[in-house]
Structures are given as structure tokens and as C-alpha cells.
2 protein chains.
Amino acid sequence: MGMKFQMMQPAQITELLRRRQITPTSQRVKIAGTLFAGPAHFCAEDVYARVNEDDAEVSKATVYNTLGLFVAKGLVRQVFVEPGKVFYDSNTQPHHHFYDSGTGELTDIDAVGVALHELPPLPADTELDGVDVIVRIRQRQSKDRPA
Amino acid sequence: MGMKFQMMQPAQITELLRRRQITPTSQRVKIAGTLFAGPAHFCAEDVYARVNEDDAEVSKATVYNTLGLFVAKGLVRQVFVEPGKVFYDSNTQPHHHFYDSGTGELTDIDAVGVALHELPPLPADTELDGVDVIVRIRQRQSKDRPA
DNA sequence: GGTTAGACTTAGAACTATTCTAAGTCTATA
DNA sequence: TATAGACTTAGAATAGTTCTAAGTCTAACC
Ligand SMILES: [Mn+2]
Ligand SMILES: [Mn+2]
Ligand SMILES: [Zn+2]
Ligand SMILES: [Zn+2]
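As the structure is a computational prediction, the values presented were derived from the model and not from experiment. (Residues numbered from 1 in each chain as written. Chains lettered and ligands numbered in written order. Predicted model: local features only at pLDDT ≥ 70, side-chain atom pairs only at ≥ 80, totals over all residues. Heavy atoms only, no water.)

### Looking at the protein's contact with DNA strand C
For clarity, the cut-off: When we say a residue is near a molecule or strand, we mean one of its heavy atoms is within 4 Å of it. Counted as a polar contact is a pair of N or O atoms within 3.5 Å, where, for protein atoms, one must be capable of donating a hydrogen and the other of accepting one, and residues adjacent in sequence contribute only when both atoms are in side chains. Put simply, DSSP H or I for four residues or longer makes a helix, DSSP E for two residues or longer makes a strand, and each gets a number counted from the N terminus. Each residue gets one of three labels, nonpolar for Ala, Val, Leu, Ile, Met, Phe, Trp, Tyr, Cys and Pro, charged for Asp, Glu, Lys and Arg, and polar for the others, Gly among them.
DNA strand C sits among 18 residues. The nearest are T25, Q27 and T62 of chain A together with Y64 and G84 of chain B. Considering DNA strand C, the proportion of its atoms within 4 Å of the protein that are sugar or phosphate atoms stands at 81%. Interatomic distance of 2.9 Å between a backbone N/O atom of S59 of chain A and a phosphate oxygen of DNA strand C. In this structure, T62 of chain A approaches DNA strand C through a side-chain N or O atom, which is 2.7 Å from a phosphate oxygen. Of all the elements in the fold, those that place two or more residues in the surface near DNA strand C are α2 (26-35) and α4 (60-72) of chain A together with α4 (60-72) and β3 (85-89) of chain B. Per element, the largest residue contribution to the surface near DNA strand C is three residues, and it comes from α4 of chain A. Looking at the surface near DNA strand C residue by residue, the class counts come to six nonpolar, eight polar and four charged.

### Description of empty space enclosed by the protein
Under the convention used in this document: Detection works on a 1 Å grid of protein atoms alone, calling trapped sets that fit a 1.4 Å probe cavities and calling open sets with protein on both sides within 12 Å along at least five of seven lines pockets, with lining residues defined by an atom within 4 Å of a point. Grid points are joined across faces, edges and corners, and a volume is the space filled by probe spheres set on the points.
Per the counting criterion, the structure on display carries three cavities of 30 Å³ or more. The calculated volume of the largest cavity comes to roughly 50 Å³. F80, D132, I134 and R136 of chain A together with V79, F80, D132, I134 and R136 of chain B together form the lining of the largest cavity. Only β7 (126-139) of chain A together with β2 (77-82) and β7 (126-139) of chain B provide two or more residues apiece to the lining of the largest cavity. When its residues are assigned to classes, the lining of the largest cavity shows five nonpolar, no polar and four charged.

Right, here's the structure in full:
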């Protein structure tokens with residue numbers, strides 16, 4: 001888990017997948033290779049485009065199947081910031097996000113140091129599943145040059 | 001703004017809309033009537049169903065147009081907790097949410113008392129647009145009666 | 001190394017929430 | 001009451017995602 005994002009030769013990706021009980025097919029290795037090249041946010045369409053940018057083909061159905069599998073196995077995390085588009089986040093450490101809806105850009109906020117105080121108790125018979133903090137930002141309107 | 005959720009006869013809804021520069025058509029008054037009967041979370045489908053439960057008809061297009069208008073005018077707020085479905089929140093006070101993805105239920109958390117500490121500075125040339133906190137919860141698995 | 005059951009991948013159809021289109025209706029103003 | 005433009009509407013269109021059913025690959029076994 002600590003070696004994600006370092007080196008990442010195909011053989012290592014293969015092992016990372018096996019450790020999570022995922023059969024490392026060529027398509028899955030390729031998708032994991034783009035996801036874990038570095039911490040980043042992708043929509044399914046991004047992954048589909050990158051994985052197919054040379055020539056070898058991975059189908060859209062497999063991209064969706066694989067992203068779903070990786071979520072289930074804890075290799076990536078989903079982020080919801082707008083309707084009709086899921087982001088897949090290769091950073092699975094606890095962290096939060098800035099989101100600029102103008103540009104569509106999603107940026108990490110380290111959870112260390114961000115503290116939520118005085119949350120009320122959870123509803124009866126429920127347990128915590130996670131806390132998502134989205135800080136929505138927008139490009140500042142310069143007062144010098146108004147629209 | 002402080003009289004939302006009190007009484008709310010049609011004449012008052014009409015006035016609430018006019019105050020926000022919204023022409024109070026019969027469809028808009030009807031939609032506002034269901035939204036502001038009390039603080040609650042609705043998806044577009046919910047609003048469409050309630051508004052048409054007697055017999056008079058409001059089209060789906062108008063439900064979407066009107067919800068979009070009310071968002072633009074600050075009468076309701078959108079909440080995104082899963083892909084492919086927007087919630088409209090008639091509570092526009094700053095507050096956060098519990099979300100149970102099992103039941104689909106969204107519950108308010110008063111923002112008073114919930115404090116976010118040590119957020120990093122915003123990216124250059126951006127300004128704050130809002131902070132959404134989603135506390136994801138799930139039904140607790142009783143250890144006595146495991147699945 | 002060959003067999004084989006089941007896991008995996010695929011193209012394309014289907015689906016769902018939402019937006020768009022273009023034609024008719026209503027509202028506000030004069 | 002006439003009118004310009006705002007509003008509403010049914011249905012078509014769109015976009016992201018999931019499903020289907022048929023072929024391909026993987027891994028376990030011989
Ligand atoms: Mn993207
Ligand atoms: Mn709903
Ligand atoms: Zn992230
Ligand atoms: Zn709420």
C-alpha cells in the first residue's frame with residue numbers, strides 16, 4: 001500500500017493487483033498503470049482515452065467494469081462533485097477536495113490538519129462510512145476589470 | 001427569508017417569489033408550495049410526483065426549469081451525493097448532511113458547532129463558493145445476528 | 001504441453017436523469 | 001383589449017453508465 005506511485009513496472013502492478021485478489025489481465029494492468037502513475041483524479045472517459053492513446057484497445061465496458069472493481073477492492077475512491085460525472089481518485093489516503101466548477105478541476109486537500117469539530121452523534125444504529133469535504137471555489141472576479 | 005416554512009398560503013408564496021424577481025405562475029407557486037411546506041430534500045422526480053398527485057398537471061420540463069430557476073435565485077440549494085441524481089434542499093441556511101447510501105436518506109446537520117479547522121489557503125485567484133460536508137453512514141451490522 | 005470451466009472482455013443496445021426544441025399559452029403592461 | 005415576450009409543454013435528444021449475449025483468455029488440472 002505504501003508503494004503505490006513509486007516506480008510501477010508492469011510486474012509490480014501485477015503484484016499489486018494479485019495482493020488484492022484481482023486477476024491481472026492485460027486490460028486491468030494497463031488501466032492500473034495509468035491510474036497509479038501518480039495521484040490524480042480521472043473520469044471514466046479520461047481513463048478510456050489514456051489507455052487507448054497508443055493503439056491497443058480496451059473497451060469502454062471494461063474501463064467501467066475495472067474502475068468498479070478497483071473501487072470495490074479499495075484501490076481507488078469515487079468522488080461526486082456534480083451530477084452525471086464520477087471522478088476516480090487514485091489517492092486513497094483520507095483527504096478532501098477543492099473543486100472549481102468553472103474549470104472542472106479537483107485538487108487534493110490533505111486531511112492532516114483539517115479537523116471537523118462537534119459533529120452531532122450519528123443517527124441510531126448507523127456507523128460511519130466516510131466523510132467527504134468539498135470546498136467549492138471559483139475564479140476571482142478582478143475588481144479592476146469587471147465583466 | 002425568515003418566514004419560509006411558516007404558514008405559506010398561496011398568496012404568501014406569490015409574494016416570496018415576487019420578492020426574488022420570479023414571476024409567480026401557477027406552476028411555480030405549486031412547486032414552491034411543496035418545496036416550502038417544510039425543510040426537506042427532494043429529487044426532481046419527487047417534486048414532479050407531489051405536484052401532480054391530485055390531478056392538475058405540471059410537466060417534467062417545467063419542474064426542471066423551475067428547480068433550476070429557484071437554485072439560481074437562491075431559494076433552494078443542490079446537494080450531490082451520488083452520481084445521476086440531484087437533491088434539492090429547501091433549507092438554504094449553511095448546514096451539512098448525513099447520507100445513508102443504503103436507504104438514500106439525506107439528513108441535515110446544523111452547521112452551527114461544526115467547525116472546519118486548518119483548511120489550507122485557497123488556490124491563487126480563487127474565492128470561496130461554499131463548503132459541502134457529507135458524512136456517509138450505513139446501517140450498523142448487528143454482531144448478534146450477522147448476515 | 002493440452003483441456004477445460006469459468007472468469008473476463010467486447011460491441012452495441014438499453015437505460016436514466018436531465019436538457020433541448022419548437023410550437024402553443026399565459027402574463028404583464030399599455 | 002392588444003401585444004411582446006416570458007413561460008410551459010410533449011416529445012426528441014443527450015450523456016454517462018449499465019446491461020446483454022457472444023466470443024476470448026486465464027488458471028488449474030492432467
Ligand atoms: Mn475528467
Ligand atoms: Mn428523492
Ligand atoms: Zn483526491
Ligand atoms: Zn439539507
